[in-house]
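Listed below, chain by chain, are the residues.
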Amino acid sequence: MMLKARVPLSINAGNFRRGIKCRRCHAFGWQAIGGSIGKCDVCGQVEAVQIIARDYFAQFDRLFPGESYKRRDIIDHLQISVSEYTLQKIIRSNFRKLDRKERIYYFSPCARL
Amino acid sequence: MREKPDRLKVYEFLYNRLPFSDDETNEYEAMQRMEKLEAQFEHHLMKIKTTNMRIHWHAEVLVDRKAEIVNVLIVTDYCYYLFIIHELEGEHYINPFNILCSSSHEAVLDLNRSRRIFELFRDQLIDADTYQRPIILKYVMMNDGFQLKGKRSDLFLEERNLPYYLKAIEHSAVIRKKNHRPAST
């Protein structure tokens with residue numbers, strides 16, 4: 001199989017659409033069911049919110065490395081209503097604080113969820 | 001276990017989030033097709049014992065300034081096997097210039113490039129001792145509708161023959177015991 005020479009992808013953070021989308025149909029209508037499980041409104045795909053959130057931030061971090069997040073930013077990125085408990089679990093398993101007092105985080109996932 | 005190429009992961013992540021140019025859309029679709037074909041190949045590969053093999057997925061090499069993909073590289077103690085996967089459909093023939101053409105006489109695949117890929121790998125896969133493992137390159141046709149008319153070529157491997165071919169690799173990859181002495185009676 002022959003491809004053209006690789007061209008770097010033109011990624012502009014300005015038109016980047018945030019939010020969790022379905023892995024299968026790429027639709028943005030994703031809703032949390034019962035706190036920790038999410039379901040796609042369009043195709044019905046079901047996945048754990050924690051896993052899909054981790055994948056989202058892992059990919060985002062790959063494109064925009066070294067980005068720091070406030071709690072509000074994390075909620076903005078997810079664009080999904082999750083319980084406080086699930087949000088805390090997402091933050092604790094995927095982020096570390098930059099400073100002890102300030103609630104500013106950077107992406108650093110734990111080995112296990 | 002096979003991993004998706006990073007570039008495809010990025011494309012999947014960005015799809016619907018950013019507008020894609022025509023080139024990007026074409027590349028994304030090509031990568032998705034390739035991913036499907038590699039998954040199909042992996043399905044066959046899972047049926048054999050791969051303990052004596054090392055499998056590398058999706059190697060890209062530059063041949064005459066164009067990227068060429070070797071989808072699967074299987075390394076055994078005795079041989080290197082390179083597989084390039086295609087899903088060509090319909091009747092094809094090889095013209096006198098060693099180019100695979102479709103029934104409408106359109107050039108589809110330059111088989112001379114296989115020689116270049118082979119040479120490139122031969123120059124790089126240098127074994128430490130005097131024994132240089134042979135390198136075998138195959139174009140795997142993952143479409144039952146593919147037919148080759150006229151001159152045959154050992155370069156091609158059809159999907160229906162792939163399980164037997166992989167089984168043969170499995171048998172040949174078995175590590176023979178050195179200094180084996182028959183049991184004394």
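For every chain, the first residue of the written sequence is number 1, and numbering continues from 1 onward in sequence order. Chains and ligands are labelled sequentially in the order written, the chains with letters from A and the ligands with numbers from 1. Totals for whole chains, interfaces and linings use every residue, but because this is a predicted model, local features are given only for residues with pLDDT of at least 70 and side-chain atom pairs only at 80 or more, for both listing and counting.

### Focus on the overall build of chain A
The line we're drawing: Secondary structure counts use DSSP, requiring at least four H or I residues in a row for a helix and at least two E residues in a row for a strand, with both numbered from the N terminus. Counting other C-beta atoms within 10 Å of a residue's C-beta gives its exposure: the residue is buried at 20 or more, exposed at 12 or fewer, and partly exposed in between, where C-beta atoms are placed from the backbone. Note on contacts: each residue gets a C-beta atom placed from the backbone, and two residues are in contact if those atoms are within 7 Å.
In terms of regular secondary structure, chain A is built from three helices and seven strands. In sequence order, the secondary structure elements of chain A are arranged as β-β-β-β-α-β-α-α-β-β. Considering chain A as a whole, with its 113 residues, one finds that 18% of them fall into the buried category. Counting contacts in chain A only where the partners sit at least 6 residues apart, residues at least 24 apart contribute 45% of the total.

### Here we look at unusual backbone geometry
Here A:His26, not a glycine, exhibits a phi torsion of approximately 65 degrees, which is positive. Tracing the backbone through its elements, the reader meets A:His26 in the loop between strand S1 (2–3) and strand S2 (30–33). Although it is not a glycine, B:His105 sits at a positive phi angle of roughly 65 degrees. Mapped onto the fold, B:His105 is located in the loop between strand S5 (99–102) and strand S6 (107–110).

### A look at the confidence of the model for chain A
Residues and elements named next belong to chain A. The test is simple: pLDDT measures the predictor's confidence residue by residue and takes values from 0 up to 100.
Looking at chain A, the pLDDT average stands at 83 and 88% of residues meet or exceed 70. Across chain A, the secondary-structure element scoring lowest on mean pLDDT is S1, at 48, and the one scoring highest is strand S4 (residues 46–48), at 91. Confidence over residues 1–5 falls short of pLDDT 50; this stretch has twelve contacts with residues more than four positions distant or in other chains.

### A word on the sheet that holds S5(B)
All names here are of chain B. Put simply, the rule is: Two strands are said to pair when DSSP picks up at least two bridges between them. Note on geometry: axes are C-alpha line fits, over the in-contact stretch for helices, and angles between N-to-C directions span 0 to 180 degrees.
What the four strands build is an open sheet, ordered S6-S5-S4-S8; its pairing is mixed. Whereas interior strands pair on both sides, the edge strands pair on one side only; in this sheet they are S6 and strand S8 (146–149). For this sheet the average axis-to-axis angle between neighbouring strands, irrespective of direction, equals 30 degrees. The pairing of strand S4 (residues 90–94) with S5 spans three bridges and is classified as antiparallel. In the strand pairing of S5, Tyr 93 is matched with Cys 101.

### What about the confidence of the model for chain B?
All names here are of chain B. A residue-level look at chain B finds 95% of positions with pLDDT of 70 or above and a mean pLDDT of 87. When mean pLDDT is taken per element in chain B, strand S3 (residues 80–86) scores highest with 94 and helix H3 (residues 112–124) scores lowest with 86. For this predicted complex, the interface score ipTM comes out at 0.79, alongside a pTM of 0.78.

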